[in-house]
Each structure stands twice: as structure tokens, then as C-alpha cells.
Amino acid sequence: MFEKMSRTGFLMILIVLTAIAAIFALTGCDTASEQITYTITYDANGATGGDPPASQTKSPLLPITLATNSGELVKTGHTFSGWNTQSDGEGDNYGEAAEYSADADVTLYAKWVQNTIATPTFSLVAGTYTSDQSVEISCATEGSTIYYTTDGSTPTASSSVYSSAISVVGDGTTMTIKSLAVAEGYKNSSVVSTAYIIDYATTATPTFSPAADTYTSDQSVTISCETAGATIYYTTDGSDPTTSSSAYSTAIDVAGDGTSMTIKAIAIADGYKDSPVTSVTYTITYAKASTPTFSPVAGTYTSDLSVEISCATAGATIYYTTDGTTPTTSSTAYTSAITVNASMTLKAVAVKTGYKNSDIGSVEYVLPIAFTKQDAIGIGSEYYVLAEGDLDGDGDIDIIPGEQTILGHYYSNGGDGVFTQTNLGVYASLTTWYPVDTADFDGDGLGEIITKDLITDQTDAGFSGFVSIPDMPTGHHLADMEIKDLDGDGDPDIIGNEKNSADNNYDLVWYENTSSTDSLDFSRHILWADSYSFYHGFDMTDIDNDGDMDILVSRLLTIGETIEKVDLCLLRNNGDRTFGPYEVIQKIGILGAHFRLLDINMDGYLDIAFLENHYIYFYTNNGSYDTVSFSDYDLISTPEYSSFLKIKVGDLDQDGKTDIVYSAGTYIYRIMNSSNNGNPNLLPKKIHSNTDSWYYKDFVVTDIDTDGDLDVAFPEHNYGGIVWYKNSLK
């Protein structure tokens, strides 16, 4: 081998051997008895747990495998990262089980790398949300403390410490949350930042039911909102609603014909934008109730009717009248069939809540009136004149007859047209027939009787004797009279055509009633007097519409025994207990006499029905209160006889129009007034006649049988007694 070795190789071996020898010499080592080694020592370097590995011995020139962290060294907040030749980690680094080749003793320190704390995390990712949010922050590093800011600044240990969820609330809110995690022994985490925007959803727009429209009936309007929990505020006056407006809780009533209501509403909910204001308008225009119909239909009938009224509008209430006036809700409500036993105009209106009142339904029934002759009263007595009135104060009509030479009894009405002759206990002696009348002059509830120039007082004890009418001059008597309250003081006065027997002249007089319950007293006033006049007929009414009663009189102007003319004259009431001067308002002719005032043509003004010869003349009022005047209107002739004697008026058929009863020689007639709206319709018909020569100079039109309609009674001289005709309204 040496033969082949080069000179250079030999020299290298020699050098190595020489070096080894030198080492042994320096160390004092006896190469024969001691070998050289190196110690590797391990230091925990501040570990908070575990044990360092045992020291290792290294032979020279030979590498050694370093120890691992077999003692499980740990240090809080740090991670074991191998070994380092310096405690501060600034020396040479050796990993676990790394090869170590240096020939020298050495201490290897555990190398610790400080841990960085985990970055905080947020429970809610950054973004825009439509509702309020609650954000939680967490850190994976146990025991860490989180600091945060919400104003965009960088957090430090002086910032707010996170302890509970952070609220991000309110529409339009923008919040940037920055956080930092800190823990002992750890590096602070990096700052993490996230931003949130709250943009509320809009509350659903309120909806209305029913929809806005025009309706024919009342409506109940409901408002709703699809947003759960929303509160709805509304107005009904057209203003925009706010939270100060009414809060919707129940349906809103839109009621009443002609109502127009604008409802505006807004919905408000927590966590939502307010809804838009929505507006609707409702108009209520009621349908009209159907016009009432009548069964049977209008027409002329000969028997009582049972009239039913109906309306096609279910639930409507019908109100009606029987006198031709327009019905209202104050009129009688229809509940059952109406008995019609007289000519009648029925009018009806249908009313129902939620409807306009119906048009007025109207129907006219004509039941021809009939007068039925009844048993005579007081057969055998020859009566000439009659008076009627409640003589005994029992509420029904009694009859006082006058014979040609005496007045001594009356017929007391039992209330049903059955009469009992009752003696007065006193008598009035007469030389011929004179007018008779009765009234309660002294206000004690009992009637007095007056005739010619005599009067008798009635008290609870009966009738006193006939005495002269107080204040009547001697030799005077009443040829005709009317009893009315001429001066408007509440008691009856006497107005008469008074004859002076000494000169056969007549005066129109007024006996003003000044009686008391203790005595009968009168004060005589001459209204009109001249030597040529006879005041045959008169009537009293407020014809000039000034609030007091005037007198119309038919004045017969005579020359000797000849009637020259007849004038209808007006004596106006001057309001101070005086009358006149007289005004001639109509020239009649030479045979006119008796008359009555009535509204013939139903125009609201009083007209005149005047008897003249064998005609009845109707003079219509020209419609002026200041200048009272009349126009000829019509005449009705009665062929059976040519002399009319007396006329009276009353509503015989209860149709609201004034009818006429008059005597014409041996006949009693009625004229039924069917006028309407200024159009007269006068229908004469005979009630009674006789074939003898007895003239019916007097009669009464009154409710004899107390059944509510007017009957007719008159003295029947030839046969004796009083004949009366019952009004059957058929």
C-alpha cells in the first residue's frame, strides 16, 4: 500500500498524527488511560411547565443527535421552537433531534416563540340589513379580553371592553365596529373591522275594504296592513294622519245620505319605515224607497173599504194621512188595514234607514155620502125653529125646538141619537116663530137659551124664568141672530138683526157679553142703523186677515114694503170695539138674502155662497186682504122650487172641503164640494122633500148621534116633531 501512496498523501497522514499527539500533550491526557468528551446541557429557559432533557456527552470529532422536548417543556403564551445557544434566542438555533457536531461543552436553551392572540370574530357579517341587529364579538383565545370602538377609531386597551352584544338599531344607522383581542402572555391580536348599515323595510301600505266608490247604502270600512304588528293611524277630514291621529281599532262607519268622507291612513311598525299615506273617498247616495201602493185602487165605492198600503222596499215604515196633507214621519205609522168609510184622500210615504224617503203615494176614494131618515123626535109637536148645542153640559148635542107660540122644553141627547124630552120648567110665550139659540154665556158649563127678546139662565138647580135680554130697549126683539165671539175675549156674544116694533125699523146690533157666573149681562152696540135697511143674513170671520173678526151682512134696502136691492156689505173690525164704515163689496139683486162664507175652490180664501130666488150664486174671492172683492163664479138652480130660504155649511163627507146644506121651499138639499187646487166641482143632491106646502125655514147641521160626522135635522110642521137624517158617509 505504501508503495502505491503518493508522497503527498503520506505527508497528510503524518500531519494528522502529529496533531493528535499535540492535543494529548496539551490536555495532559494520558492517551493510554483517559479519553476526551464534551457535555451538552439543556436549559428550560423560563418554562412554566415540564422538565428539560438530561445532558448529553459528545465525543470529539463525532456528531451527536440533540435531545427532543421529551420533558414536555411549556411556557404560557409561547410555543417551543427548538434549542438556541443563547437564552434570548439570538444564538445558533438547533431543532429537536438535530445533529450537533461542535467539539465543546455547550448549554442549549429552550427557544420560545411568543404566541399571537386569535383575531376577534363577529357573529354577523358586515352588510346592509332591513332590521335592527345585535352583534356579538368572540375570540378563540381563552381568557382574552376584547376591546372595541363603534366610531371608526382604532381600539386600544383603553377602549370599551366587550361584555355583551352590541345593538345596531335605527333606520339609517351606519356603524363601524373595530375590535382588538388582548391576553396575558400573548401578542395583541390584529385589529379587525366590520361595518353595518340599517335600512328599514317600509311598512306595507294600508288597504281598505270595501274599495273607494259611491254606494247606495251606509258602509262600514275596515283598514288592514300586511305588516304584522303595525299600528294604523287615520283621519276622516282629509288631513294627513300622524301618530297623533286616531289609532284604528274598529270599522269606520260612513253613513247618511249625501255623506262624502275621505279617509287617509298610515301604517307604523317598530323596525320599519312608515308606510306611504293612502287615501280613499266614499260617497253615500241613498237609493229611494219604493213609492207606497194602495189596495184597492182609487175609485168610487158603495161600501166601507179596508185599505192596505204596501211598499216593495223590505223593512220600510209607511206613514200616511187621511186628510190630503203630505205625510211625514210625524204622521200615523201604517200597521194594519185602514178603514175608509167616507170619501177620503190617502197619502203615504215610505221611510227606511239607509234610503231616501219615497215619493208620495196618493189615492182618492169616493164613497157617495148617504143620509138615512131616522125616527122622528117629538112626534105630534108643531115646531118651527130649531137650535142645537150641549145644553146640559154632558158633551153631546141637544136640540131646542121652538113652537109658534111657546118655548118650554128641549130634547136631551143620550149620546147615540136617542132623545128624551126634558121640560125647562119655565116658558117663553111667543106670538109667532122667532129664532132660538143656545150658548154658555156665563161660563158655568151649562147652556142658556135665547129667543126673541128673552133669555133664561141655567144653573145646577135648573132653568130660571125667561127675562128680557139685558140692555135691550123695550119694544125691540131679534128677528135673526148669530152667536159668536165677536170681540175675541173668549166668551160668546150675540149679533142680531133687531127690530123696533114702534117704527118697524131694523138695526144691526152687537150684544157684548159681560156676564159672570153669578149673572147674565150684556152691553148693546149698534153696528149699523138706517130706516131703509133690513139685515137678513150675516156671517163673521177675519176676512181681511188682520187678526180680528169682521162682519159680512146682506142688506136689503127697502122703500116702503118693496125690496129695491140687496147689497153684500163688509163691516171691518177696527180693533177698538168699533166697526165700519160699511163697504159694499157685492151687489146681489133684489131677491138675495141668506149666505155663508166658505172656501169653495180650495184656494185658501173665503168665498160666498148666496141664496137668491131659485139660484145659489157663488162669488169667488179675488185673493186680496186689503181690498176685499169677489167675482161671479157659478150658479146652481133647483127646478123643484123657486124660493131658497136658508143655507148652512160643514164638511159632510170629511174630505177636508166645506159642503153646503140649504132649504128650498119643501126641500132640503146638500151640495158636495169636490173642488181641488182652485178647480171647483159642486155636486147638488136632495136630502128630503115633502108634497105639502110646508117650507123648511130652519134646520140644523150637527153631529146628532155623536159618531163623528154631521147629520141634518129640521122641524116637520105638517107631521109634527123633528125629522133627522143620519149621515152614513156612504
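Scroll up to find the structure this text is about.
Our subject in this report is the structure included herewith. Predicted, not measured: the structure shown is a model, and the values here were computed from it. (Residues numbered from 1 in each chain as written. Predicted model: local features only at pLDDT ≥ 70, side-chain atom pairs only at ≥ 80, totals over all residues. Heavy atoms only, no water.)

Turning our eyes to something else, we now look at the overall build of the protein. The helix and strand inventory of the protein stands at one helix and 66 strands. For the protein, with 730 residues in total, the buried portion stands at 44%. The contacts of the protein with a sequence gap of at least 6 include a subset with a gap of at least 24, amounting to 52%. Surface accessibility of the protein: about 34600 Å² in total, with carbon and sulfur atoms responsible for 48%. (Helix = DSSP H or I, 4+ residues; strand = E, 2+ residues; numbered from the N terminus. Buried < 20%, exposed > 50% of the residue type's maximum accessible area, 1.4 Å probe, protein only. Contact = heavy atoms within 4.5 Å. Areas by Shrake-Rupley, 256 points an atom, 1.4 Å probe, with all protein chains shown as cover.)

Turning next to the sheet that holds strand β28 (residues 293–295). Pairing in this open sheet of three strands is antiparallel, and the strands run β28-β30-β33 from one edge to the other. Each edge of the sheet is formed by a strand with only one pairing partner; in this case those strands are β28 and β33 (338–340). Neighbouring strand axes in the sheet, compared pairwise and without regard to direction, differ in orientation by 35° on average. Alignment of β28 against strand β30 (residues 305–310), held across three bridges, turns out to be antiparallel. The residue bridging Ser295 from the neighbouring strand is Glu308, located in β30. (Pairing = 2+ DSSP bridges. Axes fitted to C-alpha atoms, helices over the stretch in contact; angles between N-to-C directions.)

Here we take up unusual backbone geometry. Cis peptide bonds are those with omega within 30 degrees of zero, and the linkage from Ser209 to Pro210 qualifies with 5°. Relative to the elements of secondary structure, Pro210 occurs in the loop between β18 (207–209) and β19 (213–215). Here the bond from Ser295 into Pro296 is cis, since omega is 5°, no more than 30 degrees from zero. Relative to the helices and strands, Pro296 is located in the loop between β28 and β29 (299–300). A positive phi angle is found at Asn545, which is not glycine, with a value near 60°. Take Asn545: its relative accessible area is 48%, and that puts it in the partly exposed class.

Residue placement: Ser101 occurs in the loop between β6 (99–100) and β7 (106–114). Taking the C-alpha atoms as reference points, Ser101 and Pro63, 38 residues apart in sequence, are found 4.0 Å from one another. Excluding residues that lie within four positions of it along the chain, Ser101 makes contacts with Lys58 and Pro63.

Remember that side chains alternate between the two faces of the sheet whenever the strand is regular. Counting buried positions over the six residues of strand β39 (residues 398–403) gives five, a clear majority of the element. Pairing of strand β38 (residues 383–389) with β39, which is carried by six bridges, proceeds in the antiparallel orientation. Within β39, the residue paired with Gly389 across the bridge is Asp398.

Core analysis: the biggest nonpolar cluster contains 19 residues, and Val135, Ile137, Ile166, Ile177 and Tyr196 have the highest contact counts within it. Within the residue set of this core, elements represented by two or more residues are β12 (145–149), β14 (166–168), β15 (174–182) and β16 (192–198). With three residues, the single largest contributor to this core is β15. Ignoring sequence-local partners within four residues, the contact set of Val135 consists of Phe122, Ser123, Leu124, Tyr162, Ala165, Ile166, Val168, Ile177 and Tyr196. Judged by nonpolar contacts, the second largest core, of 18 residues, contains Ile338, Val340, Ala350 and Val363. (Core = buried A, V, L, I, M, F, W, Y, C linked by side-chain atoms within 4.5 Å.)

This next bit is on the pattern of salt bridges. A side chain with one charge can pair with a side chain of the opposite charge if their charged atoms come near. In this structure the tally under the stated criterion is 16 salt bridges. Here Asp240 makes a salt bridge to Lys264, at a shortest N to O gap of 3.2 Å. In this pair, Asp240 is assigned in the loop between β21 (231–235) and β22 (246–247) and Lys264 in strand β24 (residues 260–268), connecting sequence segments 24 residues apart. In this structure Lys264 comes out as buried when scored by relative accessible area, which is 18%. Linking Arg524 and Asp507 is a salt bridge whose minimum nitrogen-to-oxygen distance equals 3.7 Å. Within this pair, whereas Arg524 is found in strand β51 (residues 522–529), its partner Asp507 is found in strand β50 (residues 505–513), the two being separated by 17 residues in sequence. Looking at Asp507, the relative accessible area reads 13%, which means it is buried. Each of Asp171, Asp199 and Lys273 takes part in a single network of salt bridges with overlapping partners. (Salt bridge = Lys/Arg side-chain N within 4 Å of Asp/Glu carboxyl O.)

Our focus in this paragraph is the sheet that holds strand β37 (residues 371–373). Read across the sheet, four strands follow the order β37-β66-β65-β64 without closing on themselves; strand pairing throughout is antiparallel. Where the open sheet ends on each side, the last strands, each with one partner, are β37 and β64 (700–702). Neighbour-to-neighbour, the strand axes of the sheet open up by a mean angle of 25°, direction not taken into account. Inspection of the sheet shows β64 paired to strand β65 (residues 711–715) by three bridges, in the antiparallel sense. Its bridge partner being in β65, Thr702 is matched across the sheet by Asp711.

Counting buried positions along strand β61 (residues 659–664) yields six of six residues, so the element is predominantly enclosed. Inspection of the sheet shows β61 paired to strand β62 (residues 667–673) by five bridges, in the antiparallel sense. Within β62, the residue paired with Tyr662 across the bridge is Tyr669. Between β61 and β62, which follow one another and run antiparallel, lie two residues, and Gly665 among them has a positive phi close to 65°.

Scanning the entire structure with this criterion turns up 16 aromatic pairs. Consider the rings of Tyr383 and Tyr411, whose centres lie 6.2 Å apart with planes at 80°: the pair is edge-to-face. You can see Tyr383 sitting in strand β38 and its partner Tyr411 sitting in strand β40 (residues 406–413), a full 28 residues away along the chain. Residue class for Tyr383 comes out buried when judged on its relative accessible area of 0%. Between Phe714 and Tyr725, the ring centres sit 6.1 Å apart and the planes meet at 25°, which makes this aromatic pair stacked. (Phe/Tyr/Trp six-rings, centres within 6.5 Å; stacked < 30°, edge-to-face > 60°.)

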